[in-house]
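Report on the structure
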Amino acid sequence: MVTRTIIIAGVLAFIGIHCAYAGEPLDVNAGVDVRIVSSNSDDSSLRGGYGSTRFDNDHEGLRAGSAYVSARYRLDDTLTLNGDALGYGDGHGSAVDVTQLYLNWRPFPAGGIRFSSKVGLFYPEFSMENRGHAWTPVYTITPSAINSWYGEELHALGAEANIKWLGASVGYQGDVAFLAGVYGWNDPLGVAVAFHGWNFHDRQTGLFNYLLSSASPGKHIHEMREIDGRPGFYAGLQWHHGDRLDVRLYRYDNRADPAAFHGGYAWLTRFNTLDVRWEVNEQWTAIAQWLRGETFVRPQPAGSAWNMDAWFVLLSRQMNSWRLSLRRDEFSNDQFRSASAPHAYDDKGSAWTFAVIKDFNSQWQAAAEWLRVDSTFPPRSYDADPRQIDQQWQLLLRYKWHH
């Protein structure tokens, strides 16, 4: 813990010193919010329970939401150092954590081709919702089930290369890119969504933080772990048509050995995802994301396996300083293999989210959100009905700062 604290303090000191003295090469964005919360959920999965929302009925009222610092330091015309640090008032884990810290190299285009690369800790560009500073959602307070899972479990600690064809070189207002990444230290990926089901929250698990296990109360799950020594990969295609259409297709495979054990089992998790964002006009935005995959743990015949499916559709309207967004989620897990009880950890459900965001100026923002999750998850039968309808209301006030 001391080592982690020193590293976090060093990152924050780096940001603070350069805020004061660096000037032009440094770009820093920060934000902090407080919320009034109402929730009927029992025992949030973020606290080791089976509730599907971030807050539960024991954590209502005035709550600390989140605080972030996102910094970009330009080392030269083609090389930048990027870092994000976040903190939450949830009462477990590190008070402040690092979620991204990487070098980004973007040399100048040559002959209609642009190459770029990343090295370090970062989120692959899978999300159409979390486009804000420090990988925060911009249309709602709470991201979709897919992007909540990404924030909870998925990181890349490795390298990514991106080769982009610039259509402007032949008069086409768009571009096509191929990208691929190689990474490690994400072998537990899959454990959370399998053992507590899909959930909805805006809490990111960073380099030093941990999850509380729903299947084993009191157990800490550290997502940033390398168990089997095998690197994973992802690859994808991106197509931008002008400023209006963004389409992305990816394959992700952590290549973990489900028989490997070192303080915990590795989870072999792989999935395909298709993401589309359509800026219909200056007011309307439509987003759809679809994910299908599978996760495996422990060797056969004692192992378990799940099929994972999720999708959402979001419609958002910008009206001057107001933004209104409506989202529909569908999700399921099918535990098709288990030595003891197949389908004991099946998960199936849907959700509606409605959010209103008001920007008063460049610094102050308010938001209101209603989230309703209707899901059936058999492990709840130990002390509750397997089917629950969780409803969460949030009123948020955020202060933002830019240097």
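A brief report on the enclosed structure follows. This is a predicted model, so every value here is computed, not measured.

**Quick look at empty space enclosed by the protein**
Under the criterion given, the structure shown has two cavities of 30 Å³ or more. Together, 17 residues line the largest cavity, and Ser45, Glu152, His196, Leu211 and Leu212 are the ones closest to its centre. The element best represented in the lining of the largest cavity is helix H3 (residues 191-196), accounting for four residues. In terms of residue class, the lining of the largest cavity is built from eight nonpolar, seven polar and two charged. Its boundaries defined by the atoms lining it, the second largest cavity holds a volume of some 50 Å³. Partitioning the lining of the second largest cavity into residue classes produces three nonpolar, six polar and three charged.

**Considerations on the layout of surface pockets**
Roughly 1,100 Å³ of volume is contained in the largest pocket. Lining the largest pocket we find 39 residues, and of these Asn82, Tyr102, Asn104, Lys118 and Glu125 sit closest to its centre. Taken together, the elements giving at least two residues each to the lining of the largest pocket come down to strand E1 (26-39), strand E2 (61-74), strand E3 (79-88), strand E4 (96-105), strand E5 (113-122), strand E6 (156-166) and strand E10 (232-241). The element that contributes the greatest number of residues to the lining of the largest pocket is E3, accounting for five residues. By residue class, the composition of the lining of the largest pocket is eight nonpolar, 17 polar and 14 charged.

**A word on the side chain of Gln100**
Turning to its location among the elements, Gln100 is positioned in strand E4. By relative accessible area, which is 9% here, Gln100 ends up buried. In this structure the side chain of Gln100 is engaged in a polar contact, spanning 2.7 Å, whose partner is the side chain of Asp84. A distance of 3.0 Å separates a polar atom in the side chain of Gln100 from the backbone nitrogen of Tyr123. Residues in contact with Gln100, not counting those within four places in the same chain, are Asn82, Gly83, Asp84, Leu121, Phe122, Tyr123 and Trp135.

**A short note on the side chain of Asp275**
By the element assignment, Asp275 lies in strand E12 (residues 267-279). One buried charge, Asp275, has no salt-bridge partner; the nearest side chain with opposite charge is Arg248, at 5.7 Å. A polar contact of 2.9 Å, which involves the side chain of Asp275, links it to the side chain of Thr273. Setting aside chain neighbours within four positions, we find Asp275 in contact with Phe126, Met128, Asp246, Val247, Arg248, Tyr250, Ala288, Gln289 and Trp290.

Basis of the calculations
- Counting restarts for each chain, with residues numbered from 1 along the sequence as it is written.
- Local features in this predicted model are restricted to residues whose pLDDT is 70 or higher, and side-chain atom pairs enter the listing and the counts only when it is 80 or higher, whereas totals over whole chains, interfaces and linings include all residues.
- Where side-chain values are given, they derive from all heavy atoms of the structure, hydrogens and water being excluded.
- Buriedness for pockets is judged along seven lines, at least five of which must meet protein on both sides within 12 Å for an open set on the 1 Å grid over protein atoms alone, while cavities are sets there where a 1.4 Å probe fits but cannot get out, and lining residues have an atom within 4 Å of a point.
- Grid points are joined across faces, edges and corners, and a volume is the space filled by probe spheres set on the points.
- A run of DSSP states H or I qualifies as a helix once it reaches four residues; a run of E qualifies as a strand once it reaches two. Both are numbered from the N-terminal end.
- Just so you know the grouping, Ala, Val, Leu, Ile, Met, Phe, Trp, Tyr, Cys and Pro go in nonpolar, Asp, Glu, Lys and Arg go in charged, and all remaining residues, Gly too, go in polar.
- For the exposure calls, accessible area comes from a 1.4 Å probe over protein chains only, and a residue counts as buried if that area is under 20% of its type's maximum, exposed if over 50%, partly exposed in between.
- Identification of polar contacts relies on pairs of N or O atoms within 3.5 Å, with a donor-acceptor requirement for protein atoms, meaning one able to donate a hydrogen and the other able to accept it, and with residues adjacent in sequence counted only if both atoms are side-chain atoms.
- Here, residues are in contact when the closest pair of their heavy atoms is within 4.5 Å.
- His residues and chain termini do not enter the charge count, which takes Lys and Arg as positive and Asp and Glu as negative.
- Each salt bridge in this description consists of a side-chain nitrogen of Lys or Arg and a carboxyl oxygen of Asp or Glu lying within 4 Å of one another.

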